[in-house]
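Residues per chain, in single letters:
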Amino acid sequence: AEEASKCSKSDSALQWLKCGIPCPVDFPMEVGDLVWQGVAVIIFMGISLVIGVVTFFKVRGDSSNYFVAGRNLPTWILVATLGMQCLDASASLGNLDLAYKYHFWDGAALPLGLALSLIMMGVFFAKPMNEMNLLTLPDAFARFYGEGAEVVCSLVTLISFTFLLAGNLVGCGKIVSFLFGMDQYAGIMISTFLIWVYASSGGLLSVAYTDVVQGAIGWTGFIIATAWIQNSMPNHAGVSAAYPVGDQTAYGEGVADADSYEPVPNAVFFNWVTVIVLAFGNCMALDFHARCFSAKNGNAARMGCIIAGIVAGTIGIANTFNAGTTRALYGPSSPHAEFVANSCSAHITVIGCFGGAAADPSLNKTCNAVPLPGVPTCGEWKPDPYANLKMLTCSKPECHFFADFDGSGGYAAGTEDYFPMNAFLGGWYLLGIVAASMSTADGAIVAMGTVFSHNLLRKTGKISQTNLLPFARASTLLFSVIAGLIAMTRPNETGYFLIVAFDCVFAAGVVPLFALVYWKGIKPEAGFLSLVVGAVVRIILEFVLPKDGLLLWFGSFARSFGPGIEDPEMFDEAIMFGKLAEVCPQEALLDMTGLDSLVSPAVSLVVLVLVQLLPIKGWGGKWFTPVPEVDADADEKRVTSVPEVDAAADEKREVQL
């Protein structure tokens, strides 16, 4: 009762009264202890804001400066701006959250897929797309497939990037709200406003300049802080009741074995789908293409993509290893662990003594431990949504207690000690996450404003080259607000929106994109139908396939937790007579999420090939006739430097007529 009285969370008192598990230890840091880190984050965001406002004057009303940074960015700036777009909040905080909740590959799939996408961009698209002299990605669809495909491509990519922006606002807002102890929705609103102001001011020019600053601070912070964490703190949990075979040993097996995390299920199919979706889907990324268009030439665009992919991927994957530290310090074997009291499991085996006894049951005799094949209550662990931020900010001497019972956690057997985070490096790491979030969010805002105004509003006939830039700036506010509202629906899920964003464009746009670059003489009808059918199939499968929201399809342990067993005698008898499955019913989970992501582009490909090869008569007309190339930069110059008209001479010509 005394222990239960210390508990404040819904399940904590019950986990002590029913399960005998002590209440979670309180986080020792107060909001006042985090003020200096919060101030550093706000100053950093303010510097980005100032840079953006300054570039407002450099744009000077020139839409080519705003949309494609004057088409003269060198390779080194491209590496910085592409790399920062790639290593966003999802690949720097979302990956940590996923790897902490599940395991390494659940998080590493994000930076791995994003890095592969940049390398693919460099190999397949950067040079040819740069040489097309485009303003936006939908312009390419218009040039080869007509205005119908341009409109559909614009809508699909706008939806995609609204979710991408939402994911990065979640990451930035989560840090702001945590450091200042404010409501998480307030953090998202503050982040949305600050990022929108500087991104809308200078467009891609401001984004490019701020990305260099953000990259310099963010990347060095990730590298130095990660090196310190991996060498100065526990980097994986050892063998314990929560980890019967330890944590580190599953890195290799987790790539392909659905049962590698026994008794915890492994979403191995979804992880591989995530890599594929991000690798191919990001080839339709508006911000990646905008940077390729802004390169001074095709070779600079190609090398910028490849180098940025290698650098960002290496940093992102190395960063994911830090989740092992969070699992060790805030995972199910830590003093901070909280469990759902009313949950049983027939898979979790508690042995009572660890190390060799866990691996060899015969050794249990030496420590008088009896293996318990199942737990009647507290089977389900509740991950802390702020665990990674706590790991990075807890710097007091009483922070991060860790016990290594048998040396399997990387320390001498019997080690019990505290491992506080270095305050300066933790703050630097947080700045890196904020930089990653802001750099992608600003690029998404500019890209959406450009596409909406240039590819959609201009078709109304009321938007021309002379007033395109003001409308583009104004439309960025619309999408920022929408993305902010979407972010508030899942304020703690930093990696979720990234996958949703590129699932959309992978289903619809990747196949016709490859075709317009590499299939000479591709029919407009083939590209249009491939685009539309891929999107429609993806929508249908979203509602047709069985999905329970847990993303598990394969494996022996893909089962739900059963209701808690209150009667100890019933539990003992169930174990004795092999009837545990009856008293602890665990339903098999079935979530085919990911299959729809693979089927949709496959159908899109089939449609494109069939329409292209079959003797189908062209539809013609405005919507299905390729739009001829227009020199956007030359058009801008003509509009902004209209020659003066000699009114007297003009009047004489009229009289003569």
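Owing to the predicted nature of the structure, the values given are computational and were not obtained by experimental measurement.

Comments concerning the nonpolar core
Then comes step 1: Ranked by size, the top nonpolar core spans 145 residues in total, and within it M129, F141, F502 and L513 carry the most contacts.
Then comes step 2: If sequence neighbours within four positions are ignored, F141 has contacts with G146, A149, E150, C153, M284, G509, P512, L513, L516 and L531.
Then comes step 3: C344, I565, A574 and L580 belong to the second-largest nonpolar core, a separate cluster that totals six residues.

Thoughts on the environment of D139
Then comes step 1: Summarising the element assignment, D139 is placed in helix α8 (residues 137–145).
Then comes step 2: D139 sits in the buried class, given a relative accessible area of 15%.
Then comes step 3: As for D139 and N455, which are separated by 316 residues in sequence, their C-alpha atoms are 7.4 Å apart.
Then comes step 4: Ignoring anything within four residues of it in the chain, the contact list for D139 reads L134, E150, H454 and N455.

Observations regarding the side chain of S117
Then comes step 1: Locating S117 in the fold gives a position in helix α7 (residues 104–130).
Then comes step 2: Leaving out residues up to four positions away in the same chain, S117 has contacts with L278, A279, N282, C283 and F288.

Structural notes on helix α11 (residues 268–281)
Then comes step 1: Between its terminal C-alpha atoms α11 stretches 19 Å, which fits the 20 Å expected from 14 residues at 1.5 Å a residue.
Then comes step 2: Extensive coverage of α11 is indicated by the burial of 10 of its 14 residues.
Then comes step 3: For α11, the set of buried residues is V268, F270, N271, V273, T274, V275, V277, L278, A279 and G281.

Re the state of the cysteines
What we call a disulfide is simply a covalent bond connecting the sulfur atoms of a pair of cysteines.
Then comes step 1: Under the criterion given, the structure shown has two disulfides.
Then comes step 2: The partner cysteine of C344 in its disulfide is C584, sulfur to sulfur 2.0 Å. Note on the C344 and C584 pair: the S-S dihedral is about 105°, so by sign convention the disulfide is right-handed. Pair noted here: C344 is in the loop between β1 (339–340) and β2 (345–350) and C584 is in the loop between α24 (580–583) and α25 (595–613), with a separation of 240 residues, a long-range link.
Then comes step 3: Among the residues examined, C344 registers a relative accessible area of 0% and is labelled buried.
Then comes step 4: A residue is classified by how much of its surface remains accessible, and C584, at 2% relative accessible area, is buried.
Then comes step 5: One disulfide in the model links C394 with C399; its S-S distance is 1.9 Å. Every disulfide takes its handedness from the sign of the S-S torsion; for C394 and C399 that torsion is -80°, giving left-handed.

Structural notes on a nonpolar patch on the surface
Then comes step 1: On the surface, V35, V39, I43, I47 and V213 cluster together to form a nonpolar patch covering roughly 370 Å² of accessible area.
Then comes step 2: When residues in the nonpolar patch are grouped by element, the largest group, four residues, is from helix α3 (residues 35–59).
Then comes step 3: On the accessibility criterion, V39 (37% relative accessible area) is partly exposed.

Focus on the packing of helix α13 (residues 298–320) against helix α14 (residues 322–330)
Then comes step 1: Contact pair α13 / α14: the axes reach a minimum separation of 4 Å and the direction vectors enclose 15°. Comparing their axes, α14 and α13 come out roughly parallel. Touching A318, N319 and T320 of α13 are N322, A323 and G324, all from α14.

Side note on the packing of helix α6 (residues 89–101) against α7
Then comes step 1: Orientation of α6 relative to α7, taken along the N-to-C sense of each, is 160°, at an axis distance of 6 Å. It follows from the interaxial angle that α6 and α7 lie roughly antiparallel. Seen along the crossing, α6 lies across α7 with a hand that is right-handed. Contacts between α6 and α7 pair S90, A91, G94, N95, L98 and A99 from the former with F104, D106, G107, L110, P111 and L114 from the latter.
Then comes step 2: Of the residues assigned to the contact of α6 with α7, the class counts are seven nonpolar, four polar and one charged.

Examining α8
Then comes step 1: With eight of nine residues buried, α8 is to be regarded as a mostly interior element.
Then comes step 2: Within α8, burial applies to L137, P138, D139, A140, F141, A142, R143 and Y145.
Then comes step 3: If you follow the buried residues of α8, they end up packed against α7, α9 (147–180), α12 (286–294), α18 (423–456), α21 (510–518) and α22 (524–544).
Then comes step 4: Looking one or two places after α8, you find G146, whose phi comes out positive at around 105°.

Remarks on the confidence of the model for the protein
Then comes step 1: With 85% of its residues at a pLDDT of 70 or more, the protein has an overall mean of 83.
Then comes step 2: Contacts of residues 352–369 to residues separated by more than four positions or lying in other chains number 25 contacts, the stretch itself having pLDDT below 50.
Then comes step 3: Low pLDDT (under 50) marks residues 634–657, which in the prediction has seven contacts with non-local residues, meaning those over four places away or in another chain.

Topic: the pattern of salt bridges
Then comes step 1: Inspection of the entire model under this criterion finds 14 salt bridges.
Then comes step 2: With its nearest N and O atoms 3.2 Å apart, the salt bridge here joins K174 to D97. Of this pair, K174 sits in helix α9 while D97 sits in helix α6, placing them 77 residues apart in sequence.
Then comes step 3: Exposure remark for K174: the relative accessible area of 2% places this residue in the buried category.
Then comes step 4: The closest approach of N and O atoms between E147 and K459, which form a salt bridge, is 3.2 Å. Separated by 312 residues along the polypeptide, E147 in helix α9 and K459 in the loop between α18 and α19 (468–489) bring together distant segments of the chain.

Looking at the side chain of S475
Then comes step 1: Here S475 lies in helix α19.
Then comes step 2: Not counting the four nearest positions on each side in its chain, S475 is found in contact with G449 and F452.

About the thresholds
Residues numbered from 1 in each chain as written. Predicted model: local features only at pLDDT ≥ 70, side-chain atom pairs only at ≥ 80, totals over all residues. Heavy atoms only, no water. Core = buried A, V, L, I, M, F, W, Y, C linked by side-chain atoms within 4.5 Å. Buried < 20%, exposed > 50% of the residue type's maximum accessible area, 1.4 Å probe, protein only. Contact = heavy atoms within 4.5 Å. Helix = DSSP H or I, 4+ residues; strand = E, 2+ residues; numbered from the N terminus. Expected span 1.5 Å × (residues − 1). Disulfide = S-S within 2.5 Å. Patch = residues over 30% accessible without salt bridge, like charges linked within 9 Å, V, L, I, M, F, W, Y side chains within 5 Å. Areas by Shrake-Rupley, 256 points an atom, 1.4 Å probe, with all protein chains shown as cover. Salt bridge = Lys/Arg side-chain N within 4 Å of Asp/Glu carboxyl O. Axes fitted to C-alpha atoms, helices over the stretch in contact; angles between N-to-C directions. Parallel < 35°, antiparallel > 145°, perpendicular 65-115°, else oblique. Left-handed = near helix turned anticlockwise from the far one by under 90°. Nonpolar A, V, L, I, M, F, W, Y, C, P; charged D, E, K, R; others polar. pLDDT = per-residue confidence, 0-100.

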